[in-house]
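Residue-level structure breakdown
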Amino acid sequence: MKNFYFALFSIAILAGCAPAHLQLDNPDKKMAQASFIETHRHYVWGLWGSSSIQADKACPKTGLNSIETTRNTLNGFIDFMTGGIYIPTTYAVYCNK
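Residues numbered from 1 in each chain as written. Predicted model: local features only at pLDDT ≥ 70, side-chain atom pairs only at ≥ 80, totals over all residues. Heavy atoms only, no water.

Concerning the nonpolar core
The biggest cluster of nonpolar side chains holds five residues, and these are Ala 55, Cys 59, Ile 67, Val 93 and Cys 95. Those residues in contact with Cys 59 that sit more than four places away from it in its chain are Leu 64, Val 93, Tyr 94 and Cys 95. (Core = buried A, V, L, I, M, F, W, Y, C linked by side-chain atoms within 4.5 Å. Buried < 20%, exposed > 50% of the residue type's maximum accessible area, 1.4 Å probe, protein only. Contact = heavy atoms within 4.5 Å.)

Structure representation (structure tokens):
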């Protein structure tokens, strides 16, 4: 029975990791480090919360290259423990070189 609960817990944690990547320009022009990183908080299974990104303000001179969203293990654990009521998501904005 312990193995069943461990497997269920592992699946729940790993299922919450869902990265997304939006590439707007040539990947060769992408900066090595993110120009802007911010964590957004979503509530009630993502139905309520702010998720607007001011990308034009992050890259005013060189222009936007890509945006990535990630949910790490800690974010997945928090999501699991709250039953989806609170879901933190990290956004990273990359500018052109």
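Overview of the pairing of strand β2 (residues 36-43)
Here eight bridges tie β2 to strand β5 (residues 86-95), and the two strands are oriented antiparallel to one another. Within β5, the position partnered with Thr 39 by the bridge is Thr 90. As judged from the two bridges shared by β2 and strand β3 (residues 48-49), these two strands associate in the antiparallel manner. Across the sheet, the residue bridging to His 42 is Gly 49, located in β3. The hairpin turn running from β2 into β3, its antiparallel successor, is four residues long, and Val 44 in that turn takes a positive phi close to 50°. (Pairing = 2+ DSSP bridges. Helix = DSSP H or I, 4+ residues; strand = E, 2+ residues; numbered from the N terminus.)

Observations regarding the state of the cysteines
Throughout the structure, instances matching the rule amount to one disulfide. Cys 59 shares a disulfide with Cys 95; S-S distance 1.8 Å. Residues Cys 59 and Cys 95 share a disulfide whose torsion about the S-S bond is about -80°; that sign makes it left-handed. Taken together, the residues span a long stretch of sequence, with Cys 59 in the loop between α2 (55-58) and β4 (64-70) and Cys 95 in strand β5 at a distance of 36 residues. Grouping residues by exposure puts Cys 59 and Cys 95 together as buried. (Disulfide = S-S within 2.5 Å.)

Let's talk about helix α3 (residues 73-81)
For α3, the complete set of buried residues consists of Asn 75, Gly 76 and Asp 79. Looking down the long axis of α3, one finds its buried residues gathered within 100° of arc, a one-sided arrangement. Seen from the buried face of α3, the exposed residues on the opposite side, beyond 90 degrees, are Leu 74 and Met 81. Positive backbone phi, at 70°, marks Gly 83, one or two positions downstream of α3. (Arc of directions from axis to C-beta.)

Topic: the environment of Tyr 91
Of note, Tyr 91 is situated in strand β5. C-alpha of Tyr 91 to C-alpha of Ala 34: the two residues are 57 residues apart in sequence and 9.6 Å apart in space.

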